[in-house]
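# Fold and contact review
Residues per chain are reported as follows:
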Amino acid sequence: MPVKVPDSLPASAILRGENIFVMSESRALAQHIRPLKVLILNLMPNKIETETQLLRLLANTPLQVDVELLKIHNRPSRHTSCDHMNAFYREFEAVRGNNYDGLIITGAPLGDLEFEEVAYWDEIRTIIDWSQQHATSVLFLCWAAHAALYHLYDIKRYLRDEKISGVFRHQRVHQHVPLLRGFDDEFWVPHSRYAQVSLDRLKAHPELAVLAESDQAGAYLVVSRDNRNLFVTGHPEYTRTTLQDEYRRDLAAGLSPKVPDNYYPDDDPTKTPHARWQAHGALLVSNWLNYYVYQQTPFDLSGDIRAGLMEIE
Ligand SMILES: CC(C)(COP(=O)(O)OP(=O)(O)OC[C@H]1O[C@@H](n2cnc3c(N)ncnc32)[C@H](O)[C@@H]1OP(=O)(O)O)[C@@H](O)C(=O)NCCC(=O)NCCSC(=O)CCC(=O)O
Ligand SMILES: N[C@@H](CCO)C(=O)O
């Protein structure tokens with residue numbers, strides 16, 4: 001959380017010069033504090049695991065975050081009980097009149113389908129459009145990132161020759177960007193997808209900025225120039241064994257998956273996998289929640305939450 005110090009304190013200018021967020025007394029006096037409202041649209045088949053992964057990261061801040069879970073349709077989920085869905089998930093019609101400080105849309109194992117072949121493609125487009133007026137900031141993960149880049153910016157993805165699955169080295173592209181505060185020059189992130197979006201297309205788009213990338217995985221963190229939409233093409237929320245669960249799932253289905261890259265010691269799937277992205281995942285979500293949600297969102301959520309977003313220092 002930001003430190004509040006007198007504007008005239010020398011450390012204030014020094015820390016700002018180091019891209020460390022220091023809240024001025026004047027701004028602190030004007031700041032009201034309330035719980036944040038975050039909505040999670042969970043498209044993953046392993047919904048309970050995904051809920052746990054995201055809540056673990058959202059809980060890693062001193063902020064109180066009220067989380068609501070959203071389902072995309074009323075058809076029974078193949079991998080999550082109706083009891084669970086009915087007990088904990090809301091329908092879109094029940095939330096569309098609300099505003100939220102943050103929205104997270106998860107990945108989905110639909111990369112080998114054309115977007116138009118996804119049964120809920122119309123619903124997803126409706127929710128993406130809705131989010132642009134009803135959420136201060138939206139974090140799109142993996143499949144959702146590709147879907148939103150296509151729907152909002154007409155950036156088409158293509159399918160890789162084979163699924164990328166593993167943990168890959170990434171570099172930050174920008175220096176003084178709040179989302180990257182505290183990042184190392186290099187860090188590791190899991191990826192698990194078929195789809196890819198051209199790095200050059202993203203870098204050339206006037207409304208987007210690529211903040212982090214990987215030689216093997218391509219663009220990883222992409223933000224809209226107005227800092228309202230964050231596209232994350234990997235899975236920083238994954239736990240140590242999520243890639244292993246997918247690998248074993250596909251082995252059992254007779255799909256001959258590749259051993260995830262850079263994951264098992266000696267690439268030996270009988271050994272316990274390394275987990276070297278969890279600090280990154282915690283920092284990424286904490287930075288998003290702080291600088292793109294909490295510092296941006298109006299105290300009164302009932303008004304127009306899209307107006308007057310402050311330039312993120
Ligand atoms: C599809 C998977 C990954 C999982 O196997 P399952 O038997 O669980 O498949 P499934 O239950 O039929 O589908 C999993 C979930 O997707 C939903 N689903 C399936 N087909 C759908 C469609 N046309 N429209 C909307 N939702 C659909 C199901 O309802 C279910 O969600 P509910 O439980 O809520 O009902 C596997 O069979 C497989 O094909 N693995 C090898 C290929 C692979 O790895 N695919 C994923 C690539 S990674 C990826 O796609 C990421 C995105 C990207 O690549 O861009
Ligand atoms: N990569 C996941 C889907 C979400 O990215 C899977 O293989 O099931």
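No experiment lies behind these values; they were computed from the predicted model shown. Position numbers for residues count from 1 along each chain, tracking the sequence in the order it is written. To read the labels, note that chains go from A and ligands from 1, taken in the order they are written. A pLDDT threshold of at least 70 governs which residues receive local features in this predicted model, and a stricter bar of 80 or more applies before side-chain atom pairs are shown or counted, although totals over entire chains, interfaces and linings include all residues. Values reported for side chains reflect all heavy atoms of the structure, with hydrogen atoms and water molecules removed beforehand.

This next bit is on empty space enclosed by the protein. Buriedness for pockets is judged along seven lines, at least five of which must meet protein on both sides within 12 Å for an open set on the 1 Å grid over protein atoms alone, while cavities are sets there where a 1.4 Å probe fits but cannot get out, and lining residues have an atom within 4 Å of a point. Grid points are joined across faces, edges and corners, and a volume is the space filled by probe spheres set on the points. Applying the stated rule across the entire model yields 1 cavity of 30 Å³ or more. Going through the elements one at a time, helix H3 (47-58), strand S7 (135-141) and helix H10 (278-294) are the ones with two or more residues in the lining of the largest cavity. Each helix corresponds to a stretch of at least 4 residues labelled H or I by DSSP, and each strand to a stretch of at least 2 residues labelled E; elements are numbered beginning at the N terminus. Of all the elements, H3 adds the most residues to the lining of the largest cavity, at 3 residues. For the lining of the largest cavity, a count of residues per class yields 10 nonpolar, no polar and 1 charged. Gly is placed with the polar residues, together with every amino acid not listed as nonpolar (Ala, Val, Leu, Ile, Met, Phe, Trp, Tyr, Cys and Pro) or charged (Asp, Glu, Lys and Arg).

Time to look at the sheet that holds strand S5 (residues 89-90). Only strands joined by at least two bridges in the DSSP assignment are considered to pair. Read across the sheet, 10 strands follow the order S5-S4-S3-S6-S7-S12-S11-S10-S8-S9 without closing on themselves; strand pairing throughout is mixed. In this open sheet, the two strands that pair with only one neighbour each are S5 and strand S9 (186-196). Pairing of strand S11 (residues 218-224) with strand S12 (residues 229-232), which is carried by 3 bridges, proceeds in the antiparallel orientation. Along S12, the bridge assignment pairs Val 222 with Phe 231. When checking whether two residues touch, look at their non-hydrogen atoms; a contact exists if any pair is within 4.5 Å. Comment: axis = line fitted to C-alpha atoms, over the contacting stretch for helices; angle = value between 0 and 180 degrees taken between N-to-C directions. In the packing of H3 onto the sheet, the strands contacted are strand S3 (36-41), strand S4 (65-70), S5, strand S6 (100-105) and S7, and the crossing angle to S4 comes to about 160°.

Among the 26 residues in the neighbourhood of ligand 1, the closest are listed as Lys 47, His 79, Gly 111, Lys 163 and Tyr 194. Computed with the Shrake-Rupley method and a 1.4 Å probe, the accessible areas treat only the protein chains shown as cover for residues. Its free accessible area being 1,000 Å², ligand 1 has 79% of it covered by the protein chains. Going through the elements one at a time, helix H7 (143-153), S9 and helix H9 (242-252) are the ones with two or more residues in the shell around ligand 1. Take the shell around ligand 1: its biggest share by element is 4 residues, from S9. When the residues that make up the shell around ligand 1 are grouped by side-chain class, the tally is 13 nonpolar, 5 polar and 8 charged. Near, as used in this document, describes a residue that has one of its heavy atoms within 4 Å of the molecule or strand being considered.

The next subject is the UniProt feature "site: Important for substrate specificity" (unreviewed entry) in the chain. As annotated in UniProt, the feature "site: Important for substrate specificity" (unreviewed entry) corresponds to Ser 192 in the numbering used here. In this structure, Ser 192 sits in strand S9. For the exposure calls, accessible area comes from a 1.4 Å probe over protein chains only, and a residue counts as buried if that area is under 20% of its type's maximum, exposed if over 50%, partly exposed in between. Looking at Ser 192, the relative accessible area reads 9%, which means it is buried. UniProt positions are given in the numbering used here, feature names are shortened, and annotations may be inferred rather than shown by experiment.

Once that is clear, we can look at the environment of Asp 266. Here Asp 266 is to be found in the loop between H9 and H10. Classification of Asp 266 by relative accessible area gives exposed; the value is 64%. Note: C-alpha distance between Asp 266 and Asp 185 (81 residues apart in sequence) is 25 Å.

All right, on to the environment of Arg 240 then. With respect to the helices and strands, the residue Arg 240 is situated in the loop between S12 and H9. For the pair Arg 240 and Lys 156, spaced 84 residues apart in sequence, the C-alpha separation works out to 31 Å. Among all residues touching Arg 240, those that are not within four sequence positions of it are Tyr 263, Thr 272, Pro 273, His 274, Ala 275, Trp 277 and Gln 278. Think of a polar contact as two N or O atoms within 3.5 Å of one another; within protein, one of them needs to be a possible hydrogen donor and the other a possible acceptor, and neighboring residues in sequence only count if both atoms come from side chains. There is a polar contact of 2.8 Å between the side chain of Arg 240 and the backbone oxygen of Pro 273.

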